[in-house]
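# Report on the structure
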Amino acid sequence: MTTQLPLDGMPRRLYSCTPSRLNAWLDCRRRYRFTYLDRPQPSKGPGWAHNSVGASVHNALAAWWREPYERRTPLTASVLLTNGWITEGFKDAEQSGRWLGRARDLVSGYVATLDPADEPVGVERTVATRTKVIALSGRIDRLDRRGDELVVVDYKTGRRPLTQDDARSSLALATYAIAASTMMRTPCRTVELHHLPTGEIVEWRHTEESLARHLRRAEEIATEAADADERYKAVVGGTSRRKTGDRLPVGPAAVPAEIDELLAPSPGPICSWCDFRRHCAEGLAAGTERQPWDGLAD
(Lines give C-alpha, C1' and ligand atoms only; values in the text may rest on other atoms or scores of the structure.)
Protein backbone atom coordinates (compact mmCIF):
# COMPACT_ATOMS: atom_id res chain seq x y z
CA MET A 1 0.00 0.00 0.00
CA THR A 2 1.38 3.39 -1.00
CA THR A 3 1.07 6.37 1.34
CA GLN A 4 0.40 9.64 -0.43
CA LEU A 5 2.52 12.45 0.97
CA PRO A 6 1.25 16.03 1.12
CA LEU A 7 2.44 18.13 -1.79
CA ASP A 8 4.33 21.37 -1.33
CA GLY A 9 2.10 24.33 -1.92
CA MET A 10 -1.07 22.44 -1.07
CA PRO A 11 -3.49 24.52 0.99
CA ARG A 12 -3.39 23.93 4.71
CA ARG A 13 -6.35 22.27 6.39
CA LEU A 14 -8.68 24.79 8.01
CA TYR A 15 -8.15 25.20 11.73
CA SER A 16 -11.41 24.14 13.41
CA CYS A 17 -12.04 26.14 16.56
CA THR A 18 -14.41 27.92 18.87
CA PRO A 19 -13.86 31.33 20.46
CA SER A 20 -13.15 29.47 23.72
CA ARG A 21 -10.29 27.61 22.08
CA LEU A 22 -8.81 30.80 20.67
CA ASN A 23 -9.08 32.57 24.02
CA ALA A 24 -7.47 29.60 25.77
CA TRP A 25 -4.46 30.02 23.47
CA LEU A 26 -4.22 33.69 24.41
CA ASP A 27 -4.68 33.13 28.14
CA CYS A 28 -2.26 30.27 28.77
CA ARG A 29 -0.65 27.90 26.30
CA ARG A 30 -0.15 25.18 28.89
CA ARG A 31 -3.84 25.23 29.74
CA TYR A 32 -4.50 25.12 25.99
CA ARG A 33 -2.33 22.01 25.74
CA PHE A 34 -4.03 20.32 28.69
CA THR A 35 -7.49 21.13 27.30
CA TYR A 36 -7.09 20.43 23.60
CA LEU A 37 -3.94 18.38 22.96
CA ASP A 38 -3.10 15.97 25.80
CA ARG A 39 -5.10 12.76 25.45
CA PRO A 40 -6.41 11.54 27.71
CA GLN A 41 -6.97 14.98 29.13
CA PRO A 42 -5.35 15.59 32.53
CA SER A 43 -7.82 15.36 35.39
CA LYS A 44 -9.46 18.59 36.42
CA GLY A 45 -10.02 19.92 39.90
CA PRO A 46 -13.47 20.03 41.50
CA GLY A 47 -16.22 21.98 39.76
CA TRP A 48 -16.79 25.64 40.58
CA ALA A 49 -19.98 26.76 42.26
CA HIS A 50 -20.16 29.99 40.25
CA ASN A 51 -20.05 27.92 37.06
CA SER A 52 -22.93 25.84 38.40
CA VAL A 53 -24.95 29.00 38.96
CA GLY A 54 -24.18 30.29 35.47
CA ALA A 55 -24.99 26.99 33.74
CA SER A 56 -28.23 26.58 35.71
CA VAL A 57 -29.39 30.07 34.78
CA HIS A 58 -28.47 29.68 31.12
CA ASN A 59 -30.25 26.34 30.90
CA ALA A 60 -33.40 27.72 32.53
CA LEU A 61 -33.55 30.72 30.18
CA ALA A 62 -33.08 28.50 27.13
CA ALA A 63 -35.82 26.15 28.35
CA TRP A 64 -38.15 29.10 29.05
CA TRP A 65 -38.14 30.14 25.39
CA ARG A 66 -38.95 26.56 24.40
CA GLU A 67 -42.12 26.59 26.49
CA PRO A 68 -45.47 27.37 24.82
CA TYR A 69 -46.29 31.07 24.76
CA GLU A 70 -48.88 30.83 27.55
CA ARG A 71 -46.32 29.25 29.91
CA ARG A 72 -43.65 31.90 29.44
CA THR A 73 -44.09 33.47 32.85
CA PRO A 74 -41.72 34.37 35.71
CA LEU A 75 -43.11 31.43 37.70
CA THR A 76 -42.24 29.01 34.90
CA ALA A 77 -38.70 30.39 34.79
CA SER A 78 -38.39 29.84 38.52
CA VAL A 79 -39.64 26.26 38.26
CA LEU A 80 -37.29 25.48 35.36
CA LEU A 81 -34.36 26.88 37.33
CA THR A 82 -35.25 24.80 40.37
CA ASN A 83 -35.73 21.59 38.41
CA GLY A 84 -32.41 21.99 36.63
CA TRP A 85 -30.36 23.29 39.55
CA ILE A 86 -26.71 22.12 39.47
CA THR A 87 -25.25 21.57 42.94
CA GLU A 88 -21.60 20.98 42.06
CA GLY A 89 -19.01 23.11 43.87
CA PHE A 90 -21.05 24.49 46.75
CA LYS A 91 -19.73 24.34 50.29
CA ASP A 92 -22.80 22.56 51.60
CA ALA A 93 -26.53 22.13 51.07
CA GLU A 94 -27.29 25.35 52.94
CA GLN A 95 -25.13 27.42 50.58
CA SER A 96 -26.56 25.66 47.54
CA GLY A 97 -30.11 26.34 48.73
CA ARG A 98 -29.35 29.99 49.38
CA TRP A 99 -27.96 30.42 45.89
CA LEU A 100 -30.86 28.54 44.40
CA GLY A 101 -33.13 31.21 45.87
CA ARG A 102 -30.96 33.99 44.45
CA ALA A 103 -30.87 32.36 41.03
CA ARG A 104 -34.65 31.96 41.03
CA ASP A 105 -34.95 35.68 41.64
CA LEU A 106 -32.48 36.38 38.81
CA VAL A 107 -34.31 34.40 36.15
CA SER A 108 -37.84 35.34 37.22
CA GLY A 109 -36.90 39.01 37.44
CA TYR A 110 -35.18 38.92 34.06
CA VAL A 111 -37.96 37.20 32.13
CA ALA A 112 -40.45 39.67 33.62
CA THR A 113 -38.73 42.30 31.45
CA LEU A 114 -39.17 40.22 28.26
CA ASP A 115 -42.04 40.05 25.82
CA PRO A 116 -42.90 36.33 25.63
CA ALA A 117 -44.37 36.88 22.17
CA ASP A 118 -41.11 38.31 20.82
CA GLU A 119 -39.85 34.98 19.52
CA PRO A 120 -36.05 34.82 19.14
CA VAL A 121 -34.49 33.68 15.89
CA GLY A 122 -32.49 31.18 17.90
CA VAL A 123 -31.88 30.01 21.46
CA GLU A 124 -28.63 28.19 22.24
CA ARG A 125 -28.13 28.40 18.49
CA THR A 126 -24.94 27.00 16.97
CA VAL A 127 -23.51 29.21 14.24
CA ALA A 128 -20.44 28.76 12.08
CA THR A 129 -18.36 30.54 9.49
CA ARG A 130 -15.15 29.87 7.64
CA THR A 131 -12.37 31.73 5.93
CA LYS A 132 -9.27 30.54 4.10
CA VAL A 133 -7.68 29.96 7.52
CA ILE A 134 -10.33 28.91 10.05
CA ALA A 135 -13.57 26.99 10.42
CA LEU A 136 -15.08 28.69 13.45
CA SER A 137 -18.22 27.69 15.30
CA GLY A 138 -19.92 28.61 18.55
CA ARG A 139 -23.20 28.68 20.39
CA ILE A 140 -25.15 31.90 20.94
CA ASP A 141 -27.28 32.25 24.08
CA ARG A 142 -29.95 34.07 22.11
CA LEU A 143 -30.27 35.55 18.64
CA ASP A 144 -32.90 38.27 18.25
CA ARG A 145 -34.33 40.01 15.22
CA ARG A 146 -34.65 43.77 15.59
CA GLY A 147 -36.15 45.30 12.48
CA ASP A 148 -34.10 44.19 9.48
CA GLU A 149 -31.08 43.09 11.55
CA LEU A 150 -30.04 40.37 13.96
CA VAL A 151 -28.69 40.98 17.46
CA VAL A 152 -26.42 38.63 19.44
CA VAL A 153 -27.47 38.37 23.10
CA ASP A 154 -25.13 36.91 25.71
CA TYR A 155 -26.25 36.30 29.32
CA LYS A 156 -23.87 37.14 32.17
CA THR A 157 -24.29 36.08 35.79
CA GLY A 158 -20.92 37.06 37.31
CA ARG A 159 -20.53 39.57 40.09
CA ARG A 160 -18.30 41.95 38.13
CA PRO A 161 -20.16 44.92 36.60
CA LEU A 162 -19.83 45.07 32.82
CA THR A 163 -18.62 47.92 30.65
CA GLN A 164 -19.17 48.78 27.02
CA ASP A 165 -15.59 47.75 26.39
CA ASP A 166 -16.51 44.19 27.40
CA ALA A 167 -18.98 44.07 24.51
CA ARG A 168 -16.75 45.94 22.08
CA SER A 169 -13.64 43.84 22.63
CA SER A 170 -15.26 40.40 22.82
CA LEU A 171 -13.84 38.17 20.11
CA ALA A 172 -16.61 35.65 20.73
CA LEU A 173 -19.47 38.11 20.27
CA ALA A 174 -17.93 39.60 17.12
CA THR A 175 -17.36 36.24 15.48
CA TYR A 176 -20.86 35.09 16.48
CA ALA A 177 -22.24 38.17 14.73
CA ILE A 178 -20.23 37.37 11.61
CA ALA A 179 -21.33 33.74 11.63
CA ALA A 180 -24.99 34.58 12.25
CA SER A 181 -24.99 37.12 9.43
CA THR A 182 -23.40 34.60 7.06
CA MET A 183 -25.76 31.75 7.91
CA MET A 184 -28.96 33.81 8.02
CA ARG A 185 -28.05 36.13 5.14
CA THR A 186 -29.12 39.00 7.37
CA PRO A 187 -27.00 41.87 8.72
CA CYS A 188 -25.82 41.36 12.31
CA ARG A 189 -23.68 44.09 13.82
CA THR A 190 -25.11 44.66 17.30
CA VAL A 191 -24.00 42.57 20.28
CA GLU A 192 -25.44 42.78 23.79
CA LEU A 193 -24.36 41.59 27.22
CA HIS A 194 -27.31 41.09 29.56
CA HIS A 195 -26.04 41.22 33.16
CA LEU A 196 -28.75 39.50 35.20
CA PRO A 197 -27.53 40.49 38.70
CA THR A 198 -27.94 44.21 37.90
CA GLY A 199 -30.44 44.07 35.03
CA GLU A 200 -28.02 46.14 32.96
CA ILE A 201 -27.76 45.66 29.19
CA VAL A 202 -24.44 46.65 27.65
CA GLU A 203 -24.58 47.11 23.89
CA TRP A 204 -22.00 47.59 21.18
CA ARG A 205 -22.71 48.18 17.50
CA HIS A 206 -19.93 46.98 15.26
CA THR A 207 -19.01 48.34 11.87
CA GLU A 208 -18.00 46.15 8.96
CA GLU A 209 -14.42 47.28 9.63
CA SER A 210 -14.47 46.36 13.31
CA LEU A 211 -15.93 42.94 12.56
CA ALA A 212 -13.25 42.39 9.93
CA ARG A 213 -10.57 43.31 12.48
CA HIS A 214 -11.91 40.72 14.91
CA LEU A 215 -11.95 38.08 12.19
CA ARG A 216 -8.37 38.87 11.20
CA ARG A 217 -7.37 38.62 14.85
CA ALA A 218 -9.07 35.23 15.08
CA GLU A 219 -7.10 34.07 12.02
CA GLU A 220 -3.83 35.30 13.53
CA ILE A 221 -4.47 33.41 16.76
CA ALA A 222 -5.56 30.33 14.85
CA THR A 223 -2.41 30.33 12.74
CA GLU A 224 -0.21 30.39 15.85
CA ALA A 225 -2.23 27.66 17.54
CA ALA A 226 -2.33 25.47 14.43
CA ASP A 227 1.46 25.62 14.13
CA ALA A 228 1.77 24.54 17.76
CA ASP A 229 -0.80 21.75 17.28
CA GLU A 230 1.15 20.34 14.35
CA ARG A 231 4.44 20.49 16.22
CA TYR A 232 2.90 18.79 19.25
CA LYS A 233 1.47 15.96 17.14
CA ALA A 234 4.74 15.52 15.27
CA VAL A 235 6.81 15.25 18.46
CA VAL A 236 4.41 13.76 21.02
CA GLY A 237 1.83 12.02 18.86
CA GLY A 238 -1.70 11.12 19.92
CA THR A 239 -1.15 7.78 21.69
CA SER A 240 -3.40 7.17 24.68
CA ARG A 241 -1.46 6.63 27.88
CA ARG A 242 -4.22 5.03 29.94
CA LYS A 243 -6.78 2.36 29.22
CA THR A 244 -10.39 3.35 28.74
CA GLY A 245 -12.28 2.83 31.97
CA ASP A 246 -9.27 3.44 34.22
CA ARG A 247 -10.61 5.94 36.73
CA LEU A 248 -7.33 6.85 38.38
CA PRO A 249 -6.42 10.57 38.21
CA VAL A 250 -4.79 11.36 34.89
CA GLY A 251 -1.68 13.50 34.82
CA PRO A 252 -0.37 15.57 31.93
CA ALA A 253 1.53 13.95 29.09
CA ALA A 254 5.29 13.65 29.46
CA VAL A 255 6.56 16.01 26.76
CA PRO A 256 10.05 16.96 25.57
CA ALA A 257 11.49 20.30 26.69
CA GLU A 258 10.88 21.65 23.19
CA ILE A 259 7.11 21.18 23.55
CA ASP A 260 7.05 22.40 27.15
CA GLU A 261 8.72 25.60 25.99
CA LEU A 262 6.47 25.97 22.95
CA LEU A 263 3.38 25.56 25.13
CA ALA A 264 4.67 27.32 28.22
CA PRO A 265 2.39 28.60 31.00
CA SER A 266 1.47 32.24 31.62
CA PRO A 267 1.52 32.45 35.43
CA GLY A 268 -0.67 35.07 37.07
CA PRO A 269 -3.65 35.60 39.39
CA ILE A 270 -5.91 33.68 37.01
CA CYS A 271 -3.98 30.51 37.89
CA SER A 272 -5.94 30.32 41.14
CA TRP A 273 -9.03 29.55 39.06
CA CYS A 274 -7.49 27.11 36.58
CA ASP A 275 -9.04 23.64 36.37
CA PHE A 276 -5.59 22.15 35.81
CA ARG A 277 -3.73 24.02 38.55
CA ARG A 278 -2.73 20.80 40.34
CA HIS A 279 -0.62 19.78 37.33
CA CYS A 280 1.31 23.05 36.94
CA ALA A 281 4.12 24.05 39.31
CA GLU A 282 4.16 27.60 37.95
CA GLY A 283 0.42 27.90 38.47
CA LEU A 284 0.64 26.60 42.03
CA ALA A 285 3.29 29.23 42.80
CA ALA A 286 1.49 32.08 41.04
CA GLY A 287 -1.83 32.13 42.87
CA THR A 288 -3.38 31.11 46.15
CA GLU A 289 -5.53 28.02 46.32
CA ARG A 290 -9.24 28.72 45.92
CA GLN A 291 -12.17 26.82 47.32
CA PRO A 292 -14.78 25.75 44.73
CA TRP A 293 -17.27 28.27 46.15
CA ASP A 294 -14.90 31.27 46.32
CA GLY A 295 -16.21 32.71 43.05
CA LEU A 296 -19.62 33.38 44.56
CA ALA A 297 -20.50 36.91 45.63
CA ASP A 298 -21.19 36.00 49.25
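The structure displayed is predicted, hence computed values, not measured ones.

## Overview of the side chain of E67
Within the secondary structure, E67 is located in the loop between α3 (49-66) and α4 (74-83). Ignoring anything within four residues of it in the chain, the contact list for E67 reads R72, T76 and L80.

## Digging into the pairing of strand β6 (residues 200-205)
The pairing of strand β5 (residues 188-195) with β6 spans six bridges and is antiparallel. Counterpart to H194 in the pairing with β6 is I201. Remark: four residues form the turn of the hairpin made by β5 and β6, two consecutive strands paired antiparallel; G199 in that turn has positive phi of roughly 75°.

## Concerning unusual backbone geometry
In this model, R39 is joined to P40 through a cis peptide bond whose omega is 0°. Structurally, P40 can be placed in the loop between α2 (29-37) and α3. A positive phi is found at E124, a non-glycine position, where the angle reads about 50°. Structurally, E124 is set in strand β2 (residues 122-130).

## Quick word on the packing of α3 against helix α5 (residues 93-111)
Running from N to C, α3 and α5 point in directions that differ by 35°, and their axes come no closer than 10 Å. The hand of the α3/α5 crossing is right-handed. Within the contact between the two elements, α3 uses V53, V57, L61 and W64 and α5 uses W99, A103, V107, Y110 and V111.

## Some details on the nonpolar core
Y15, L22, I134 and V152 are the most contacted members of the largest nonpolar core, which has 41 residues in total. At the level of secondary structure, the elements contributing two or more residues to this core comprise β1 (15-17), α1 (19-27), α2, β3 (134-146), β4 (149-156), α7 (171-184), β5 and α8 (208-235). Not counting residues within four places of it along the chain, the set of residues in contact with L22 comprises Y15, C17, L136, L171, A218, I221 and A222. Counting residues in hydrophobic clusters, the runner-up holds 26 residues, among them L106, V107, V111 and V153.

What counts, and at which threshold
Residues numbered from 1 in each chain as written. Predicted model: local features only at pLDDT ≥ 70, side-chain atom pairs only at ≥ 80, totals over all residues. Heavy atoms only, no water. Helix = DSSP H or I, 4+ residues; strand = E, 2+ residues; numbered from the N terminus. Contact = heavy atoms within 4.5 Å. Pairing = 2+ DSSP bridges. Axes fitted to C-alpha atoms, helices over the stretch in contact; angles between N-to-C directions. Left-handed = near helix turned anticlockwise from the far one by under 90°. Core = buried A, V, L, I, M, F, W, Y, C linked by side-chain atoms within 4.5 Å. Buried < 20%, exposed > 50% of the residue type's maximum accessible area, 1.4 Å probe, protein only.

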